[in-house]
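Residues per chain are reported as follows:
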Amino acid sequence: MRKAEMTNIVEATVEFVQKELSGESSGHDWWHVYRVWKNAQHLGQAEGADMLVVQLAALLHDIADWKLHGGDVTAGPRVARQWLESQAVDGKVIDQVCDIISHMSYKGAGVSDHMDTLEGKVVQDADRLDAIGAIGIARTFAYGGHFKRVMYEPAVQPELHDSFEAYQKSHSHTINHFYEKLLLVKDRLKTSTAKAMAVGRHEFMENFLQEFFLEWNAEVS
Ligand code: ADP
Ligand code: NI
């Protein structure tokens with residue numbers, strides 16, 4: 001594919017996604033997608049991935065998330081495929097992008113989130129980087145508020161879900177999400193570039209939690 005053609009498809013997809021996700025308030029908004037797209041470009045270049053597949057999968061990965069579509073995990077790849085077909089994108093590229101989107105999601109601490117391809121690993125890592133650090137903390141509380149979750153309830157312990165169904169059904173308080181996902185992310189990243197980027201973000205979350213519990217208990221430090 002010529003460079004100009006690739007730029008056109010990527011630009012049209014940016015416009016499409018911006019329109020579809022504007023005003024989203026659960027942390028799956030355009031700016032989340034923008035950061036995933038940027039980080040995926042950084043990781044993809046460092047790791048030597050196919051940049052058209054990486055960019056399209058990053059841009060379309062949250063176009064119809066199951067959490068916002070009544071638990072329907074097929075909605076995302078379906079909407080992405082419709083869009084890419086309408087743009088006459090090569091069928092092989094469409095298959096690769098949709099395969100990545102359907103395997104992207106975190107499905108619980110005890111559930112494998114294997115990715116076959118380098119492009120899939122890159123886009124999944126870029127998405128996971130946006131789930132940790134300062135942005136990760138902000139998104140997690142935004143999500144909790146959006147879905148009317150309690151911020152913290154000391155008596156309710158985290159659960160390490162061993163099935164996607166159990167993870168989907170969980171309505172625990174927001175602090176538990178740190179133990180059920182965010183603190184586990186750094187060891188589940190697949191590319192060495194993302195692993196290096198995760199170190200500081202992980203530390204920041206640990207410091208945040210330490211301070212959170214200190215203030216929660218109203219102890220004077
Ligand atoms: P993935 O992109 O791997 O599917 P999700 O879409 O499940 O990840 O989650 C994206 C972000 O949404 C999480 O990193 C977190 O900030 C927020 N989130 C998802 N589930 C919860 C939850 N149960 N409680 C709080 N935040 C959540
Ligand atoms: Ni995402």
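Worth saying up front: this structure is predicted, and the values here are computed from it rather than measured.

### Examining the overall build of the chain
Helix and strand content of the chain: ten helices and zero strands. In the chain, the succession of helices and strands from N to C terminus is α-α-α-α-α-α-α-α-α-α. For 221 residues, the compact-globule estimate of 2.2 N^0.38 gives 17 Å, and the chain sits close to it at 18 Å. Looking at the chain as a whole, 48% of its 221 residues are labelled buried. Partitioning the contacts of the chain with sequence separation of at least 6, the portion at a separation of at least 24 is 67%. Only carbon and sulfur atoms are counted for the fraction: they give 53% of the accessible area of the chain, which is about 11100 Å². With 22 positive and 32 negative side-chain charges, the chain shows a separation of 3 Å between the mean positions of the two kinds.

### Looking at the coordination of the nickel ion (ligand 2)
For the nickel ion (ligand 2), the protein coordination sphere consists of His-32 (NE2), His-61 (NE2), Asp-62 (OD) and Asp-127 (OD), at 2.1 to 2.3 Å. For the nickel ion (ligand 2), the four donor atoms in the first shell make angles of 84 to 170° at the metal, so the coordination geometry reads as irregular.

### Things to note about the nonpolar core
By size, the foremost hydrophobic cluster in this structure holds 56 residues, and its most contacted members are Val-17, Leu-56, Leu-59, Leu-60, Leu-84, Val-97 and Phe-178. Residue assignment for this core shows that the elements contributing at least two residues are α1 (3–21), α2 (30–47), α3 (51–60), α4 (75–86), α5 (91–103), α6 (118–129), α9 (174–180) and α10 (192–216). For this core, the element with the highest residue contribution is α3, accounting for nine residues. In contact with Val-17, not counting residues within four places along its chain, are Trp-30, Val-33, Leu-59, Leu-60 and Ile-63.

### Overview of the packing of aromatic side chains
Applying the stated rule across the entire model yields 16 aromatic pairs. Here the aromatic rings of Tyr-143 and Phe-147 are separated by 4.6 Å at their centres, their planes lie at 45°, and the arrangement is tilted. A network of ring pairs unites the aromatic residues Phe-141, Tyr-152, Phe-178, Phe-208, Phe-212, Phe-213 and Trp-216 as a single cluster. Note that Lys-38 overlies the ring of Trp-37, its terminal NZ or CZ placed 5.2 Å from the centroid. Seen from the ring of Phe-164, Lys-107 lies directly overhead, with NZ or CZ sitting 5.9 Å from the centre.

### Observations regarding the side chain of Ser-172
Summarising the element assignment, Ser-172 is placed in the loop between α8 (164–169) and α9. Since its relative accessible area comes to 14%, Ser-172 is described here as buried. Within polar-contact distance, the side chain of Ser-172 engages the side chain of Asn-176 at 2.7 Å. If we skip the residues at most four places from it in the chain, Ser-172 touches Arg-149, Val-156 and Glu-180.

About the thresholds
- Residues numbered from 1 in each chain as written.
- Chains lettered and ligands numbered in written order.
- Predicted model: local features only at pLDDT ≥ 70, side-chain atom pairs only at ≥ 80, totals over all residues.
- Heavy atoms only, no water.
- Helix = DSSP H or I, 4+ residues; strand = E, 2+ residues; numbered from the N terminus.
- Rg over C-alpha atoms; globule rule 2.2 N^0.38 Å.
- Buried < 20%, exposed > 50% of the residue type's maximum accessible area, 1.4 Å probe, protein only.
- Contact = heavy atoms within 4.5 Å.
- Areas by Shrake-Rupley, 256 points an atom, 1.4 Å probe, with all protein chains shown as cover.
- Lys, Arg positive; Asp, Glu negative; His and termini not counted.
- Charge placed at Lys NZ, Arg CZ, Asp CG, Glu CD.
- Donors = N, O, S within 2.8 Å, 3.2 Å for Na, K, Ca; no water.
- Tetrahedral: all angles 85-135°; square planar, octahedral: opposite > 155°, others 65-115°.
- Core = buried A, V, L, I, M, F, W, Y, C linked by side-chain atoms within 4.5 Å.
- Phe/Tyr/Trp six-rings, centres within 6.5 Å; stacked < 30°, edge-to-face > 60°.
- Lys NZ or Arg CZ within 6 Å of the ring centre and 35° of its normal.
- Polar contact = N/O pair within 3.5 Å; in protein donor to acceptor, adjacent residues only side chain to side chain.

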